[in-house]
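Structure assessment
Residue strings, one per chain:
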Amino acid sequence: MPLFRALIVQRHHRILSDDEFLQLLKDHVNHGFDLIRNDTDGFKSEDDYVDYLVKLTRTGLEHRMKRVIKEILTENLCRQV
């Protein structure tokens, strides 16, 4: 829970009471469920859900890989200067 609190505090740029934090966390989770529900509304089989999860995972890994490569290149450029 401390990680989620830190992320939400960082996003809102202020200290949050326990009640504010719990409400924002609940709102964030509900929003995520709404997005997933909208994305999966027309799925007909379990394979559709598996394909969806694989696509989300692949996209997340690709974004992470690009970010890591960028950080490595930036670090190497800084060392050369």
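Residues numbered from 1 in each chain as written. Predicted model: local features only at pLDDT ≥ 70, side-chain atom pairs only at ≥ 80, totals over all residues. Heavy atoms only, no water.

1. Quick notes on a nonpolar patch on the surface
- Together, M1, L3, F4, L7 and L22 give the surface a local cluster of nonpolar side chains, amounting to about 530 Å² of exposed area.
- For the nonpolar patch, the leading source of residues is helix α1 (residues 2-12), giving three residues.
- Tracing the chain through its elements places L3 in helix α1. (Patch = residues over 30% accessible without salt bridge, like charges linked within 9 Å, V, L, I, M, F, W, Y side chains within 5 Å. Areas by Shrake-Rupley, 256 points an atom, 1.4 Å probe, with all protein chains shown as cover. Salt bridge = Lys/Arg side-chain N within 4 Å of Asp/Glu carboxyl O. Helix = DSSP H or I, 4+ residues; strand = E, 2+ residues; numbered from the N terminus.)

2. A short note on the packing of aromatic side chains
- Under the criterion given, the structure shown has two aromatic pairs.
- Taking the centre distance of 5.0 Å and the plane angle of 75 degrees together, the rings of F43 and Y49 count as edge-to-face.
- Using a relative accessible area of 23% as the deciding quantity, one classes F43 as partly exposed.
- Ring pairing ties together the aromatic residues F43, Y49 and Y52, which thus form one cluster. (Phe/Tyr/Trp six-rings, centres within 6.5 Å; stacked < 30°, edge-to-face > 60°. Buried < 20%, exposed > 50% of the residue type's maximum accessible area, 1.4 Å probe, protein only.)

3. Let's talk about the environment of F21
- Mapped onto the elements of the fold, F21 is located in helix α2 (residues 18-40).
- Assessed through its relative accessible area of 3%, F21 is described here as buried.
- Through-space distance from the C-alpha of F21 to that of Y52 is 30 Å; in sequence the pair is 31 residues apart.
- F21 has contacts with M1, F4, R5, I8 and L16, leaving out every residue within four places of it along the chain. (Contact = heavy atoms within 4.5 Å.)

These results come straight from atomic positions and should not be treated as a statement about function.
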